Amino acid sequence: MLRSLLVLFLMFSIMPLSVSADKLKITRLTDGAVSVGGRSLKPGDVFDDSETIKWSKPTQQMEAKNTVTGAIYHFSARQFASKNGVATIKDFFMRINKASTRKAEGADLVFTVSPVSGNFPEKRIALVIANTNYTNISSLRNPMYDAEAMAESLGKLGFDVLEAYDCDYTDMTSALNSFAGKAKDYDVALFYYSGHGLQEDGRNYLIPVTANLEFKSELTRCLDAYDVLERVEATGVENRIVCLDACRDVKTSWTRSAAGGLTTMEGNPGTAVICSTRSGQVALDGETDNSPFTSAFVNALGEKGRGFSDMMSRVVKSTYEATNHRQCPIVNGTLLSDFVFNPLGETIRTIVATAARAPQAASASQSSVAQRTADAPVASRAAVSVPVVQCDVPGLKVGVSNAVRMGRNVFVDVLFVNEGEKAKTAGFVGKEPCAGYDEYMTCAWDDSGEEYQMERGRIIPHKGEDRIYQPIVLQPGVPVKVRLMIVDVPSGVASFPMLTMAFRDLMPYESYGQALIRVRNVNITTK
């Protein structure tokens, strides 16, 4: 009975916090003000998530922070338009989780016919999918901005464009079906995806925004990239392009040292498969809204008369240079005709490419922007990354410092702030089973995948009395600092790409149960 209650509690606890949260603060806004609840708002203003949003322009974009959880979300007029009937933030997240009574039949997408399609020698169509606001794993910053830049540019080059944003598995497959059905009447078909992706057992998977990834079996509810390839090729279209900017770093509970990014894919003659970086690597975010890869791609679309192969060579070179030689896109296969994206010299807006670096972690309670670090040498990675925390415990803010080496041991300071109204009694464990899940561990992994399990006696508190394994009390608003000691770390280890803490809320009757706090990109410095 207790196990059943715990499972039910966990099911409810992983629902997106934004559904119940009521206040959001605008942190970034394009195109002037936005109308929310009949008021004209600008950055810094706060609004209720149930208030109706009226966008000022079809291209307007907004970043908003949940004032309760600290989560950062990205929204836009195009994104809202793709979800027919959505006008509020609350309804947007209800739609994603299929709780909205306004859910339309089929995929949440919008189809825009290019007004200049008749100016080009081929009939062109594209499907653009972007998954940004993930509900159970780390959210991303770039996909929505990248997809909108791609859709806008392709529309100017005669592509009829289907756009789908923040899709669950059903929406992704439905969008693919709609695309495949329409594409049979076209000469060029392009599929573009930006969002989380991973490889497992030699196959690539595109991750829906509702994915949890606690069980390996959940991959059956992710979109297999080979299914995409087969559907696109089955259309019989002469020129087929599959572009995957999904080479992000996703850690799962069933394999903690798997290769990052995607594995190599090839299609039949007439199909070109583009991956934003090499097999086994993960892509970089950059310092702007657009990733270095998509920036290079969109900029290359603006160059008149370049054949496909020549243009993609330019994309590879530009991405490689913009990331200081840390990210190199791969193009497998080739088109059978001399296809030119921009034969007429149509004007495409230029995206300024900047050197890629790791995103700053504003707070641990926000849905952290996933770190897309390239497979660079350890010293190079340590120079650019900062810790990024994912914490799913309601009302708990967590901050993590970079690590400090003292001889053979490495120390990491963790600061906890209880932002709720009641005290929490909590603790960590070194390793334990979690009902229905794989074992949760307080553990660190280095770049080679070596594990450093912090067992009993290996973790000490910051000021010395009770060990962290004994319950600690987190009073509302009172910071509590804990120091983790990781022992016998070889001198050649310069960073921990992943550190996890098995959290236990010990409050009776109100227990959150077990949760795994994940920390990425912990650099090690020598004191």
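All values reported here derive from a predicted model rather than from experimental measurement. (Residues numbered from 1 in each chain as written. Predicted model: local features only at pLDDT ≥ 70, side-chain atom pairs only at ≥ 80, totals over all residues. Heavy atoms only, no water.)

Colleague: Any chance you could break down the nonpolar core for me, citing the residues and the numbers?
Modeller: By size, the foremost hydrophobic cluster in this structure holds 60 residues, and its most contacted members are Phe75 and Phe191. Residue contributions to this core peak at five residues, all from helix 5 (residues 169-183). If we skip the residues at most four places from it in the chain, Phe75 touches Trp55, Gln61, Met62, Ala64, Phe80, Ile89, Phe92, Phe93, Asn133 and Met144. Core analysis: the second largest hydrophobic core is formed by 37 residues, Ala130, Ala149, Leu157 and Val188 among them. (Core = buried A, V, L, I, M, F, W, Y, C linked by side-chain atoms within 4.5 Å. Buried < 20%, exposed > 50% of the residue type's maximum accessible area, 1.4 Å probe, protein only. Helix = DSSP H or I, 4+ residues; strand = E, 2+ residues; numbered from the N terminus. Contact = heavy atoms within 4.5 Å.)

Colleague: Explain the packing of helix 4 (residues 142-156) against helix 7 (residues 292-301) to me, and be specific about the residues and the numbers.
Modeller: Contact geometry for helix 4 and helix 7: axes closest at 10 Å, N-to-C directions at 10°. By the angle between their directions, the pair helix 4 and helix 7 is classed as roughly parallel. Along the contact surface, helix 4 presents Asp146, Ala149, Met150, Ser153 and Leu154, while helix 7 presents Thr294, Phe297, Val298 and Leu301. Here the residues of the contact of helix 4 with helix 7 are counted per class, giving six nonpolar, two polar and one charged. (Axes fitted to C-alpha atoms, helices over the stretch in contact; angles between N-to-C directions. Parallel < 35°, antiparallel > 145°, perpendicular 65-115°, else oblique. Nonpolar A, V, L, I, M, F, W, Y, C, P; charged D, E, K, R; others polar.)

Colleague: Outline the pattern of salt bridges, listing residues and values.
Modeller: Going through the model one piece at a time under the given rule, you end up with 16 salt bridges. Across the salt bridge formed by Arg203 and Asp224, the nearest N and O atoms sit 2.7 Å from each other. Here Arg203, found in strand 13 (residues 203-206), pairs with Asp224, found in strand 14 (residues 223-224); they are 21 residues apart in sequence, far enough to count as distant. The class of Arg203 is partly exposed, set by a relative accessible area of 31%. (Salt bridge = Lys/Arg side-chain N within 4 Å of Asp/Glu carboxyl O.)

Colleague: Please give an account of the side chain of Arg306 that cites residues and values.
Modeller: Among the secondary structure elements, Arg306 is positioned in the loop between helix 7 and helix 8 (308-322). There is a polar contact of 2.2 Å between the side chain of Arg306 and the side chain of Glu303. In this view, Arg306 contacts Met311, Arg314, Phe339, Val340 and Phe341; residues no more than four positions away in its chain are not counted. (Polar contact = N/O pair within 3.5 Å; in protein donor to acceptor, adjacent residues only side chain to side chain.)

Colleague: Quick one: what's the story with helix 7, residue by residue and with numbers?
Modeller: The element helix 7 is largely enclosed, with a buried count of nine among its ten residues. Within the sequence span of helix 7, burial applies to Pro292, Phe293, Thr294, Ser295, Ala296, Phe297, Val298, Ala300 and Leu301. Contacts from the buried residues of helix 7 go to helix 4, strand 11 (188-194), strand 15 (239-245), strand 16 (271-275) and helix 8.

Colleague: Give a detailed account of the environment of Cys222, specifying residues and quantitative values.
Modeller: Within the fold, Cys222 resides in the loop between strand 13 and strand 14. Separated by 53 residues in the primary sequence, Cys222 and Tyr169 place their C-alpha atoms 6.0 Å from one another. Those residues in contact with Cys222 that lie beyond four places of it in its chain are Tyr169, Tyr205, Leu206, Ile207, Pro208 and Leu213.

Colleague: Got a sec to walk through unusual backbone geometry? Specific residues and values, please.
Modeller: Not every positive phi belongs to a glycine, and Asp31 is a case in point at roughly 60°. The residue Asp31 is located in the loop between strand 1 (23-29) and strand 2 (34-36) in this model. Unusually for a residue other than glycine, Asp488 sits at a positive phi of about 55°. Locating Asp488 in the fold gives a position in the loop between strand 29 (480-486) and strand 30 (495-505).

Colleague: Explain the pairing of strand 10 (residues 159-165) residue by residue, including any values.
Modeller: Strand 10 sits mainly inside the fold: seven of its seven residues count as buried. What you see with strand 10 is no split at all: Phe159, Val161, Glu163 and Tyr165 on one side and Asp160, Leu162 and Ala164 on the other are buried throughout. As judged from the three bridges shared by strand 8 (residues 110-112) and strand 10, these two strands associate in the antiparallel manner. When the sheet's bridge partners are listed, Phe111 is paired in strand 10 with Leu162. With seven bridges joining them, strand 9 (residues 124-130) and strand 10 adopt parallel strand pairing. Across the sheet, residue Arg124 finds its bridge partner in strand 10, namely Phe159. Crossover strand 9 to strand 10 through helix 4 is right-handed. (Pairing = 2+ DSSP bridges. Right-handed = clockwise from strand over helix to strand, strands pointing away.)

Colleague: Could you give an account of the pairing of strand 1, naming the residues involved and the relevant values?
Modeller: Of the strand pairs in this sheet, strand 1 and strand 4 (residues 46-48) are connected by three bridges, and their pairing is antiparallel. Along strand 4, the bridge assignment pairs Leu24 with Phe47. Judged from the five bridges that link them, strand 1 and strand 6 (residues 61-66) form a sheet pairing that is antiparallel. In the strand pairing of strand 6, Leu24 is matched with Asn66.

Colleague: How would you sum up the environment of Glu200? Please name residues and give values.
Modeller: Within the secondary structure layout, Glu200 lies in strand 12 (residues 197-200). Between the alpha carbons of Glu200 and Lys216 there is a distance of 9.2 Å; along the sequence they are 16 residues apart. Among the polar contacts made by the side chain of Glu200, one reaches the side chain of Lys216 at a distance of 3.4 Å.

Colleague: How would you explain the packing of helix 5 against helix 6 (residues 225-234) if you had to name every residue and give the values?
Modeller: Across the interface, helix 5 lies against helix 6 with an axial gap of 9 Å and an inter-helix angle of 20°. The pairing of helix 5 with helix 6 is recorded here as roughly parallel in orientation. Like other packed secondary-structure pairs, helix 5 and helix 6 cross with a definite hand, here right-handed. On helix 6, the residues that touch Leu176, Asn177, Phe179 and Ala180 of helix 5 are Asp227, Val228, Arg231 and Val232. When its residues are assigned to classes, the contact of helix 5 with helix 6 shows five nonpolar, one polar and two charged. (Left-handed = near helix turned anticlockwise from the far one by under 90°.)

Colleague: Can you explain the sheet that holds strand 12? Please cite residues and give values.
Modeller: Within the open sheet, the three strands sit side by side as 12-13-14. Their pairing is antiparallel. In this open sheet, the two edge strands, each paired with only one partner strand, are strand 12 and strand 14. With four bridges connecting them, strand 12 and strand 13 associate as antiparallel partners. The residue bridging Leu198 from the neighbouring strand is Tyr205, located in strand 13.

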